[in-house]
Amino acid sequence: MGSPAERRIALLFIAPALLLVAVFRIFPLLWGFVLSFFDSDGMTKLEFVGFGNYVALASDNAFRDSVENTLILIATLPIWVALPMLLAILIHQGVPGGGFFRAVYFFPAVLSSVIIGSIFNMVLRYDGSLNAMLKAVGLVPVDWLGSGSTALYVLFSVQLWSTFGMSLLIFLAGLSTVPTELVEAARLDGAKPMQIWWHVIIPVLRPIIEFVGVVTTIGALTSMFGLIYVLTAGGPGTSTTLPEFLIWLEQGKMNRPGYAAAISMLLFSLMAGLAYVQIRIMSKNANL
Amino acid sequence: MRMTLKAALMLGTLLSGTSAWAQEITVWDWKSSDPLSVPYYQKAKEVFEAAHPGVTINYVMQPHDQYYTLLGTALSSNAGPDMFLMNGGAQAKARFGALLKLDDKVADIKDDLVGWEEFADANGVYAVPLSIQGFVVYYNKKLYTDAGLDAAKPPKTWAELAKVCDAIKAKGAVPCFAMGNKEGFGIEFWFSSIAATSWTLDEQAEFAAGKLKWSSEPVKAILQSWVDANKNGWFPQGANSTAKFMDEYEGFMRGEAANTIGLISDVAHWKQFDEFLGAENDGVFPMPSPTAAADKKEGEPNFPLAGGIGYGINKASANADLAVAFAKVLASPELEQIFFNDAGAVAANAKVDTAGVKSPAAIEILKIMATSGAPMAHANATAKELEEIHRLSQLLLNGETTVDEAVKRMDEVQAEAHK
């Protein structure tokens, strides 16, 4: 702790950042919280309805479906974590062309979701290139984006494709911290590669796995709007509607900012819970 | 250095002084930079600014898919434009609260324009209509001929349409209808096109008021026809993953479907189709219906017609009177003539001369308009009903729900929306 004068100077330095956070983060959040208790058309009507919006959500089919889709998304989390981890281990163990694969895997992470959506729209639409390929080999084409049984999983797969490069880099960084002596010792003791992975490398990577798990979940729940918008528009029915898409729908198309704010608050609560877990993990890892 | 600062200060004072007496009318739309509409908007700006020295028109074009979101945000934060373009019907009606009531201000042009009802309620009128909008079926005459059909005789009854689709299907080259229902717009066009003939005027009014239930026979029959048309192979596979604007229409323009339900103004209309198919191949007919309402005749199909787009004046605008004057310029016969000639918009101003039009499709549309026109049913449904029918229409095409289940759900949404 410095002198009062030093503290004042310190405060002066952090004031701009604090001000920005307060104006652009805290204030909109509080405003959204207040708005969630009102029935508003965004222009002239502003009627206090208490918990009315939250009560209405309980019987809203579209919201219920979006929560179900979110749960399915969370249930697929092991794939989102395991795939980049396995690929990172392979690259780390020196598969031929590892550097090339690392660059290629990371490449989609620099593209905007709208561009990725447009690319996959051309590939996956009914008259797209994937179906043309299926037809060429005598298989039946599938309406990947227009059928309720495939659309959600296709959407997740595209999101996974576009983001796993970042997780892969985090795993590679984590793998560089695995002590080589441990691996060597295991090998000398006669452990097979699978046993080394399972009993040595993965336990050391545990904090990284937890971190990637949390970051991936938050990313998937808050950054899939562009993909949904371009690829499926939330359909067919509500099969690819996630809460963030529903928020946009209620606000932008249905003129119900109060109702949209209520969904936002619930999504925020979920995110806040996950962020709390993330902070716990990161503070635990700080001692490693 | 000091001189430069002084000069900058003087310039600043001069500029701020200028802005104190110069007036700017901010106009929001989604069309003013569209190449086909540019001549119309530029001419309107020139005419108005010449008549009102010191006043400038500032067009701000917004993307259409985000338009109402941006508009809502701007209006709620009191930063809305002086005047803004709107689609008639539900979109306009949802914004009446923010609009200036225009009845006494537009009395002088009231009789010159049609389409006011899409921008009015029981209290009065809230926008000046620019164009007329409607849905007609466009057909590719070459594909009709290829399938052994008489391209000069488009179908007038449902049975004739079924024969056409059977012939197109038998030929096997293209689907009967182009269909894009990714955002659920496909059902809107299908719904209103069939309701125009299968519902009486009373039924249209009852539906708008939320009294004609979705489970009632006239409404249910339309959803059944949607399912049957798909089952009979009239639509292409993959309609749920095809965007209506513009994937469906681009397919039609490439000659990949025999028919499409299109618009008469703005986009996906005769001018655009003429350009791609050739005016000689672009045919038009009003959509027939499986049943004809008691006040209509079988074989004389009606078509949905409504005020297309129009300008409303922000009631919080400090320049409301000037904005009204500019809306009148935009709707004047001289300017609307340019809008019709260049952009192919069927003008709301009845004084526009349409005699010089050469397009056979446009001539046919004007002929149909002279004798028929029904309310646009979907535009009179609530936003909640529309959103739900978008979703259900996709499930109906996929066979993931039945018509009975869909209308039951729609009844609930309708009751909730009209509470």
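Residues numbered from 1 in each chain as written. Chains lettered and ligands numbered in written order. Predicted model: local features only at pLDDT ≥ 70, side-chain atom pairs only at ≥ 80, totals over all residues.

A. Region of interest: the overall build of chain A. For chain A, the count of helices and strands is 13 helices and two strands. If you line up chain A on its principal axes, its C-alpha atoms span 75 × 75 × 30 Å. When burial is assessed residue by residue, chain A has 33% of its 288 residues classed as buried. Of all intrachain contacts in chain A linking residues separated by at least 6 positions in sequence, the fraction that spans at least 24 positions is 69%. (Helix = DSSP H or I, 4+ residues; strand = E, 2+ residues; numbered from the N terminus. Buried ≥ 20, exposed ≤ 12 C-beta atoms within 10 Å, placed from the backbone. Contact = placed C-beta atoms within 7 Å.)

B. Structural context of unusual backbone geometry. The amide bond that connects Gly235 of chain A to the next residue, Pro236 of chain A, takes the cis arrangement and shows omega of -5°. Locating Pro236 of chain A in the fold gives a position in the loop between α11 (225–231) and α12 (243–253). Cis peptide bonds are those with omega within 30 degrees of zero, and the linkage from Phe245 of chain B to Met246 of chain B qualifies with 5°. Within the secondary structure, Met246 of chain B sits in helix α10 (residues 244–253).

C. Structural context of helix α14 (residues 360–371) of chain B. Residue and element names in this part refer to chain B. Look at α14: 17 Å from first C-alpha to last across twelve residues, which is about the 16 Å you get at 1.5 Å a residue. Burial in α14 covers these residues: Ala361, Ala362, Ile365 and Ile368. Along the axis of α14, the buried positions cluster into a sector of 125°, meaning they face one direction only. Set apart from the buried face of α14 by more than 90 degrees, the exposed residues are Lys367, Ala370 and Thr371. Directly beyond the C-terminal end of α14, a positive phi value near 150° is found at Gly373. (Expected span 1.5 Å × (residues − 1). Arc of directions from axis to C-beta.)

D. Examining the domain arrangement of chain A more closely. Under the domain assignment, chain A is made up of domain 1 (1–26) and domain 2 (56–285). In this structure, domain 1 of chain A and domain 2 of chain A have C-alpha centres spaced 37 Å apart. (Domains from an automatic or database assignment.)

E. Focus on the domain arrangement of chain B. Residue and element names in this part refer to chain B. Taken domain by domain, chain B consists of domain 1 (25–131 + 308–350) and domain 2 (134–305 + 367–417). For domain 1 and domain 2, the distance between their C-alpha centroids amounts to 29 Å. Taken together, the residues of the side of domain 1 that touches domain 2 sort by class into four nonpolar, four polar and no charged. (Nonpolar A, V, L, I, M, F, W, Y, C, P; charged D, E, K, R; others polar.)

F. The pairing of strand β8 (residues 259–263) of chain B, seen in detail. All names here are of chain B. Buried residues dominate β8, accounting for five of its five residues. Where strand β7 (residues 132–140) and β8 come together, five bridges link them in antiparallel fashion. Of the residues in β8, the one forming a bridge with Val136 is Gly262. (Pairing = 2+ DSSP bridges.)

G. Summary view of the interface of chain B and chain A. Between chain B and chain A, the contact holds 24 residues from the first and 23 residues from the second. Of all the secondary-structure elements, those providing two or more residues to the side of chain B that touches chain A are α3 (67–76) and α15 (383–398) of chain B. At seven residues, the largest contribution of residues to the side of chain B that touches chain A is made by α15 of chain B.

H. Examining the confidence of the model for chain A more closely. Residues at a pLDDT of 70 or more form 97% of chain A, whose mean pLDDT is 91. Element-level pLDDT for chain A is lowest in helix α13 (residues 257–285) of chain A, with a mean of 86, against a maximum mean of 96 in helix α7 (residues 129–136) of chain A. (pLDDT = per-residue confidence, 0-100.)

I. Quick peek at the sheet that holds strand β3 (residues 83–87) of chain B. Residues and elements named next belong to chain B. The five strands are arranged β2-β1-β3-β11-β6 in an open sheet whose pairing can be described as mixed. Among the strands making up the open sheet, the edge pair consists of β2 (55–61) and β6 (127–129). The mean angle between the axes of side-by-side strands here comes to 25°, regardless of whether they run parallel or antiparallel. Bridge count for strand β1 (residues 23–29) against β2 is seven bridges, and the pairing is parallel. By the bridge assignment for β2, Thr26 is matched with Asn58. Along the sheet, helix α12 (residues 320–330) makes contact with β1, β2, β3, β6 and β11 (309–313), crossing β11 at roughly 165°. (Axes fitted to C-alpha atoms, helices over the stretch in contact; angles between N-to-C directions.)

J. Representation of the pairing of β1 of chain B in the model. Residue and element names in this part refer to chain B. Across the seven residues that make up β1, a large majority, five, are buried. At this point the chain moves from β1, through helix α2 (residues 38–51), to the parallel β2, and the crossover so formed is right-handed. Sheet topology places β1 next to β3; two bridges connect them, and they run parallel. Residue pairing for β3: Val27 is matched across the bridge by Met83. (Right-handed = clockwise from strand over helix to strand, strands pointing away.)

K. Structural detail: the packing of helix α9 (residues 217–231) of chain B against α15 of chain B. Residue and element names in this part refer to chain B. In contact at an axis separation of 9 Å, α9 and α15 are set at 40° when each is read in the N-to-C sense. Considered as vectors, α9 and α15 are oriented oblique to each other. Of the two elements, α9 crosses α15, and the hand of that crossing is right-handed. Facing Leu223, Trp226, Val227 and Asn230 of α9, the residues of α15 in contact are Ser393, Leu396 and Leu397. Each residue belonging to the contact of α9 with α15 can be placed in one class, and the counts come to five nonpolar, two polar and no charged. (Parallel < 35°, antiparallel > 145°, perpendicular 65-115°, else oblique. Left-handed = near helix turned anticlockwise from the far one by under 90°.)

L. Geometry of the environment of Ala195 of chain B. All names here are of chain B. Mapped onto the elements of the fold, Ala195 is located in helix α7 (residues 185–198). Of the residues examined, Ala195 has 27 C-beta atoms within 10 Å and is grouped as buried. Put simply, Ala195 and His378 are 183 residues apart on the chain and 9.0 Å apart in space, counted from C-alpha to C-alpha. Those residues in contact with Ala195 that lie beyond four places of it in its chain are Ile222 and Ala377.

M. The arrangement of the environment of Phe48 of chain A in detail. All names here are of chain A. Tracing the chain through its elements places Phe48 in strand β2 (residues 46–48). Between the C-alpha atom of Phe48 and that of Leu35, which follows or precedes it by 13 residues, the distance is 8.8 Å. For Phe48, the contacting residues outside a window of four places in its chain are Phe37 and Phe38.

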